Amino acid sequence: MRNFEDPTHWDAAARHYEKTAHPFTQGYAEAALARVPLARESRVLDVAAGTGALALAAARTGAQVLATDFSPAMVARIAAADLPNVETRVMDGQALDLPDAAFDAVFSIFGVIMFPDWRRGLAEMARVTRPGGVGAVATWQARGAATFLLLGQIREKLFPEKAGATMPEGMEALSTPKGLAHELATSGYRDAQIEEVTRDFPLDLAALADPDTLFGMSPDWASLDEAERAEVIAEVRRRASGRPVLPIPSTALVAVARR
């Protein structure tokens with residue numbers, strides 16, 4: 001089992017994820033929400049919700065939100081917000097324990113792309129979306145984003161002889177507008193509207209004091225020895241050119257489709 005397929009891996013990362021990844025992914029979640037009108041009576045599902053970047057933003061519209069994730073620690077971070085219109089449940093997005101056509105809008109922001117059976121994940125999203133409802137998916141482009149993207153670029157520059165990390169199959173398949181539209185249609189959605197959204201990930205150079213926390217979730221980091229890791233850190237500092245924060249432009253596809 002790869003790390004990203006193991007809920008205990010995400011349990012261990014939940015607090016750090018909430019601090020670093022959540023504020024970054026929130027921009028993409030809000031971009032998806034801007035394309036999906038919600039009302040107080042809207043029933044919203046967030047699949048693979050992480051620490052709730054989408055779920056909590058959707059709740060601020062007044063909609064009734066169910067946030068699900070296979071990591072109990074991630075779900076606990078959402079529950080800690082204690083919002084009356086947000087319910088949380090630990091659940092596998094590949095086998096949603098939910099009735100058919102139960103939701104007006106179903107979202108997965110960088111979630112379903114990580115599933116071992118990502119096609120099943122998309123089909124489950126479509127199954128629980130009511131006819132006329134909306135499904136929304138955000139996916140990274142093929143080489144990922146933020147520190148994953150930066151580390152991959154640096155590895156290619158410094159150690160071109162080393163094979164790059166294998167990205168999740170779902171990320172590869174859904175990383176182009178054509179591929180994403182095709183798979184949404186196959187899953188049961190229609191009329192997909194897809195846009196590129198780019199945001200800067202602000203890499204705080206102070207985080208280099210603990211590079212294992214910063215880069216540890218990337219297989220590229222695990223493949224490097226101690227001397228190579230030191231070279232990576234030096235290259236990050238060189239790219240920052242004395243700035244305390246290094247912006248990493250990261251592009252995602254945000255798709256909204258009808259059921």
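Refer to the structure above for everything that follows.
Rules and cut-offs
Counting restarts for each chain, with residues numbered from 1 along the sequence as it is written. The predicted origin of the model limits local features to residues at a pLDDT of at least 70 and limits the giving and counting of side-chain atom pairs to 80 or more, whereas totals for whole chains, interfaces and linings rest on all residues. Side-chain measures here rest on the full set of heavy atoms in the structure, leaving out hydrogens and waters. Secondary structure elements are defined from DSSP: runs of H or I of at least 4 residues count as helices, runs of E of at least 2 residues count as strands, and each element is numbered from the N terminus. Buried, partly exposed and exposed residues are distinguished by accessible area as a fraction of the type maximum, computed with a 1.4 Å probe on protein chains only: under 20%, between the cut-offs, and over 50%, respectively. We call two residues in contact whenever any of their non-hydrogen atoms come within 4.5 Å of each other. With residues, only the protein chains shown are counted as cover, and all accessible areas are computed by Shrake-Rupley using a 1.4 Å probe. Charge assignment: positive for Lys and Arg, negative for Asp and Glu; neither His nor the chain ends contribute. The atom standing in for a charge is NZ when the residue is Lys, CZ when it is Arg, CG when it is Asp and CD when it is Glu. For two strands to be treated as a pair, DSSP must find no fewer than two bridges joining them. Geometry is summarised by axes, namely lines fitted to C-alpha atoms with helices restricted to the contacting stretch, and by angles between N-to-C directions that run from 0 to 180 degrees. Side-chain classes follow a simple rule in which Ala, Val, Leu, Ile, Met, Phe, Trp, Tyr, Cys and Pro form the nonpolar group, Asp, Glu, Lys and Arg form the charged group, and the remainder, Gly included, forms the polar group.

Peer 1: Hey, could you run me through the overall build of the protein in this one?
Peer 2: A tally of helices and strands in the protein yields ten helices and seven strands. For the protein, the residues scored as buried account for 52% of the 259 residues in total. Summarising the internal contacts of the protein: among those between residues at least 6 apart in sequence, 75% fall at separations of at least 24. Accessible surface for the protein amounts to roughly 11,600 Å². Of this, 52% is attributable to carbon and sulfur atoms. Computed over 27 positive and 34 negative side-chain charges, the separation of the two mean positions in the protein equals 5 Å.

Peer 1: Is there a simple way to explain the sheet that holds strand β3 (residues 86-90) in this structure?
Peer 2: The pairing of strands in a sheet comes from backbone hydrogen bonds and takes either a parallel or an antiparallel form. Taken together, seven strands build an open sheet; the order of strands is β3-β2-β1-β4-β5-β7-β6 and the sheet is mixed. Whereas interior strands pair on both sides, the edge strands pair on one side only; in this sheet they are β3 and β6 (190-204). Each strand of the sheet is rotated relative to its neighbour by a mean of 20°, with strand direction disregarded. Sheet topology note: the strand β2 (residues 64-69)/β3 ladder contains five bridges and is parallel. By the bridge assignment, D69 is partnered in β3 with V90. Strands β4 (103-109) and β5 (129-140) of the sheet are contacted by helix α4 (residues 118-127), whose axis makes an angle of about 150° with β5.

Peer 1: Help me understand the packing of helix α1 (residues 7-33) against helix α3 (residues 72-79) in this model?
Peer 2: The relative placement of two packed helices comes down to the angle between their axes together with the axis-to-axis distance. Look at α1 against α3: their axes get within 7 Å of each other, and the N-to-C directions meet at 35°. Facing α1, whose interface residues are W10, D11, A14, R15, Y17 and E18, α3 presents P72, A73, M74 and R77. For the contact of α1 with α3, a count of residues per class yields six nonpolar, no polar and four charged.

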